Structures are given as C-alpha cells and as structure tokens.
Amino acid sequence: MKIFTIIGARPQFIKASVVSMAIAKHAALEEIILHTGQHFDANMSDIFFEQLVIPPPNYQLGIHGGSHGEMTGRMMIEIEQAMLKEKPDLILVYGDTNSTLAGALVAVKLHIPVAHIEAGLRSYNMRMPEEVNRILTDQVSDILFCPTQTAVDNLYREGFSNKPVKVINVGDVMQDSALYFARVATPPKDFTSYRGFVLATLHRAENTDNLDRLSAIITALNTVHTTVVPVIMPLHPRTRSFIEKVGIKLEVHSIEPVGYLEMIWLLQRAGLVLTDSGGLQKEAFFFNKACVTVRDQTEWVELVDLGVNLLVSANKESIVDAVNTHLNRLVNDSAQVYGGGLAASRIAQHLANA
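Rules used throughout
- Residues numbered from 1 in each chain as written.
- Predicted model: local features only at pLDDT ≥ 70, side-chain atom pairs only at ≥ 80, totals over all residues.
- Heavy atoms only, no water.
- 1 Å grid on protein atoms, 1.4 Å probe; cavity = no way out; pocket = protein on both sides within 12 Å on 5 of 7 lines; lining within 4 Å.
- Points joined across faces, edges and corners; volume = space filled by probe spheres on them.
- Nonpolar A, V, L, I, M, F, W, Y, C, P; charged D, E, K, R; others polar.
- Core = buried A, V, L, I, M, F, W, Y, C linked by side-chain atoms within 4.5 Å.
- Buried < 20%, exposed > 50% of the residue type's maximum accessible area, 1.4 Å probe, protein only.
- Contact = heavy atoms within 4.5 Å.
- Pairing = 2+ DSSP bridges.
- Helix = DSSP H or I, 4+ residues; strand = E, 2+ residues; numbered from the N terminus.
- Right-handed = clockwise from strand over helix to strand, strands pointing away.
- Axes fitted to C-alpha atoms, helices over the stretch in contact; angles between N-to-C directions.
- Salt bridge = Lys/Arg side-chain N within 4 Å of Asp/Glu carboxyl O.
- Phe/Tyr/Trp six-rings, centres within 6.5 Å; stacked < 30°, edge-to-face > 60°.
- Lys NZ or Arg CZ within 6 Å of the ring centre and 35° of its normal.

Draft legend 1. Empty space enclosed by the protein, seen in detail. The tally for this structure, following the rule as stated, stands at 1 cavity of 30 Å³ or more. Here the largest cavity defines a volume of roughly 40 Å³. Every residue lining the largest cavity is listed: Ile 117, Glu 118, Phe 145, Cys 146, Pro 147, Val 170, Gly 171, Asp 172, Val 173 and Ile 347. Grouping the constituent residues of the lining of the largest cavity by class yields 7 nonpolar, 1 polar and 2 charged.

Draft legend 2. Representation of the nonpolar core within the structure. Counting residues in hydrophobic clusters, the biggest one holds 96 residues, and the most contacted among them are Val 19, Leu 92, Phe 145, Val 198, Leu 221 and Leu 274. If we ignore the near neighbours within four places in the chain, the residues touching Phe 145 are Ala 115, His 116, Ile 117, Glu 118, Ala 119, Ile 168, Val 170, Ile 347, His 350 and Leu 351. In terms of nonpolar packing, the next biggest core, distinct from the first, is built from 19 residues, Leu 34, Ile 79, Met 83 and Val 106 among them.

Draft legend 3. Inspection of the pairing of strand β7 (residues 166–169) at higher detail. Here 4 bridges tie strand β6 (residues 143–146) to β7, and the two strands are oriented parallel to one another. Within β7, the residue paired with Cys 146 across the bridge is Asn 169. Between β6 and its parallel partner β7, the chain crosses via helix α6 (residues 149–157), and the hand of that crossover is right-handed.

Draft legend 4. A look at the pairing of strand β2 (residues 30–35). β2 sits mainly inside the fold: 5 of its 6 residues count as buried. Bridging between strand β1 (residues 2–7) and β2 involves 6 bridges; their strand directions are parallel. Bridge pairing in β2 links Ile 3 to Glu 31. In the classification by handedness, the crossover that spans β1, the intervening helix α1 (residues 10–24) and the parallel β2 is right-handed. One ladder, built from 2 bridges, connects β2 with strand β3 (residues 59–60); its direction is parallel. Each residue of the ladder has a partner; that of His 35, found in β3, is Gln 60.

Draft legend 5. A look at the sheet that holds β6. Pairing is parallel in the open sheet, where 7 strands are placed in the order β3-β2-β1-β4-β5-β6-β7. Two strands lie at the open edges of the sheet, namely β3 and β7, each paired on one side alone. Relative to the sheet, helix α3 (residues 68–86) contacts β1, β2, β3 and β4 (90–94), its axis offset from that of β1 by approximately 165°.

Draft legend 6. Up close: the sheet that holds strand β10 (residues 253–255). Pairing is parallel in the open sheet, where 6 strands are placed in the order β10-β9-β8-β11-β12-β13. Because the sheet does not close on itself, it has two edges, and the strands there are β10 and β13 (309–311). For this sheet, the mean inter-axis angle between neighbouring strands, taken without regard to orientation, is 20°. Where strand β11 (residues 272–275) lies against strand β12 (residues 291–293), 3 bridges are found, and the strand directions are parallel.

Draft legend 7. Quick look at the pattern of salt bridges. In total, this model carries 17 salt bridges according to the counting rule given. Note that Lys 2 and Glu 86 form a salt bridge whose closest N and O atoms lie 3.2 Å from each other. A residue pair is termed long-range when its members are at least 10 positions apart, and Lys 2 in strand β1 and Glu 86 in helix α3 qualify at 84 residues. Relative accessible area serves as the criterion here: at 19%, Lys 2 is assigned to the buried category. Judged by relative accessible area, which is 17%, Glu 86 ranks as buried. For Glu 131, the salt bridge goes to Arg 134, with nearest N and O atoms at 2.3 Å. Note that Glu 131 and Arg 134 are positioned in helix α5 (residues 129–140) at a spacing of 3 residues, about one turn of the helix. On the accessibility criterion, Arg 134 (1% relative accessible area) is buried. Three or more residues are tied together by salt bridges with common partners; here these are Asp 96, Glu 130, Glu 131, Arg 134, Arg 204, Arg 295 and Glu 299.

Draft legend 8. Quick look at the packing of aromatic side chains. Taken as a whole and judged by the stated rule, the model has 8 aromatic pairs. Both rings, one in Phe 191 and one in Trp 265, keep their centres 5.8 Å apart while their planes meet at 85°; by these two values the pair is edge-to-face. Within this pair, whereas Phe 191 is found in the loop between α7 (173–181) and β8 (198–200), its partner Trp 265 is found in helix α11 (residues 260–269), the two being separated by 74 residues in sequence. Of the two residues, Phe 191 and Trp 265, neither departs from the other in class, the shared state being buried. With a centroid separation of 5.7 Å and an interplanar angle of 80°, the aromatic rings of Trp 300 and Tyr 338 are classed as edge-to-face. Here the residue Trp 300 occupies a position in the loop between β12 and α13 (301–305), and Tyr 338 occupies one in the loop between α14 (316–326) and α15 (343–353), the gap between them amounting to 38 residues. Judged by its relative accessible area of 2%, Trp 300 falls in the buried class. A residue is classified by how much of its surface remains accessible, and Tyr 338, at 0% relative accessible area, is buried. Aromatic ring contacts, followed pair by pair, group Phe 285, Phe 286, Trp 300 and Tyr 338 into a single cluster. The ring of Phe 160 carries Lys 163 above its face, with NZ or CZ at 4.2 Å from the centroid. The ring of Tyr 180 is capped by Arg 183, whose NZ or CZ atom sits 4.4 Å from the centre of that ring.

By themselves, these observations are geometric and do not establish any function.
Structure (structure tokens):
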C-alpha cells in the first residue's frame, strides 16, 4: 500500500514522527511525505524534521501566507499534481490545519481514500478555522482515527455510525511522541535552568487578532511575571508581529520558538502551562502539569472534566487567579484517557490490515 502523508504545521510534524516510524516497521506499507510549507521558517519547520528523525519530505511546496482561502486553494493545486504523479492507495492527514483540509478535498475529488488522524474533535466554535477544517475533513474521510472515546461519541452523534466509514479509537499519537522523546529532551540555547516557571504560548487568531483579548492576556502574563513567578514565552512569529504592531509592552521572558525536544524540556521543569494551543494542553497533561487555557472552548474536554485543564476567558483577574491557584499542582494520568502511548502502532497495524 502506498500511503501519501500530508503535513504542514508543527503539531503535525510531532504526530507524524511516531506514525512514520510505526509505518516503516511494516514491509507492506510505503510512505510518501508531502510538506505544504504552512510552517516554513527553520524554527517552526526544519528543526522538527531534524530532531524527530522524520524522513525528508518527498515534496516541499513552500506554501504559506495569504488568507485561509488563498492558502488552501494554492495547496490543493500543488497537492493534486503530486497525487496524480504518485497514484497513492490512501491519503493520510493530521489534525485541523489548512494543509489537512486541502489534502482531504483533493483526495476525495480523485476518489482516493482518506484516513484522518485526530478525527472527531469538536470545540463547537465555527469561528475557529480549525473547527471548520476538522469537521469538513471528517466528512470526506474513510477511516477516522480518533484519539479519545469522546471523539468517537462526537462522530456517532453526527451520524457517522450510519455511514460506510471506519471509526476507530486508537489513542492520541501526541502521547506516543511525548513519551518517546522525553528521554532526549534538551534545553533551549542559552537558557538558564530553573524550575517552577509558567510556560506560556499564544498564537490563536481569536486572541492575537482581538486587541482587547490580546491586551488582557499580555497584561495578566506581565503581572504573573513581575509578582508571582517568571513567565517563559516561546513567541510565535505571528504573535510577536501583532504585539509590536499594536504597541503592547511585553515584560515576560520571551524566547524564540523552540523545537519539540526543547519544549518537552521546558514542560518537564515548568510549574504550570498557560496556552491557547490545542496540542500543548495535552502535552502539559502528559508531563503531569496543570494547564490554564485562555480560550472560551476546547476540543480536549476530557482534561476539563478531569479538572486538570482550566478554561479561562481573556480576563486579567481570572487568568492571574487561575495561575495562583494551580501553580506547581501535579496531576496524574491514571485514567489513561489518551491510550497510553500505543496509538501510532495501532494506526500502522490498521493501515497494514486495510
């Protein structure tokens, strides 16, 4: 079976690392990798291929920037040409990016089966581009690899039990990656080693594109940094640009975007995670840290139900209170809600059987 894998953004590189390793163990499976270029600079892309030992992409499109529609359309044109050349048996897509949707739409138009890793997630906020991408990708997929039982239940509520598709709870490949690479985690360059800090990331458009929300979050982070504990913030290029554009003063310890191994190292030493990232909410849990999520909804409702992920709106007082309450709180993974680190091998086995 020739599998055509489409990736383009940081979380997908992390997921693909362990899945590609699992696929390589099956002689019956051949993998072709296409990188759309959605995350394009060295700190957001190249470093992940180097650190995670992902096979070099067979196709590198270099498509980034522009509106969502423009980016998705350009990707579809180039992806279609690559698919027509390779004639794959199955398309493998990850998560909820424009790269994911572009690959799935091209595949279904060419009558090539689609397997969607991280299917069934829902935030129920259609203003989020990610929510639109994941819903549409699920609708055209033939194999839906779900990370949790909640994701399976979401699909069944939407009628997928009556469709000619496979819905399979394999667990979350992000946990596979976290456990596998934790043993080789490395500190960011020139980073002073200390523990108990707040590890913060901010990049979602719902926060960065809204001046009131952005100001409230940055003000809260500044307050925590100056009065509670240091805040370490790997700063997404897009977020940095917005902060500089609107002239908000950032008083935290900001660093350049880090690779996955450096992020794990920071997670291992943090006292708390504060983020609007989907992936980092789970990674905090994998390393037994509480998480404060500055969003109004999250697709990882299991963590909210367990009380280890606190949804906090973009309000300075709420954010600071949540940090003070949950700083240095240790959480445990006794429930094994994400499959225990065996998702990639389960996915590869299903593909081999298919």
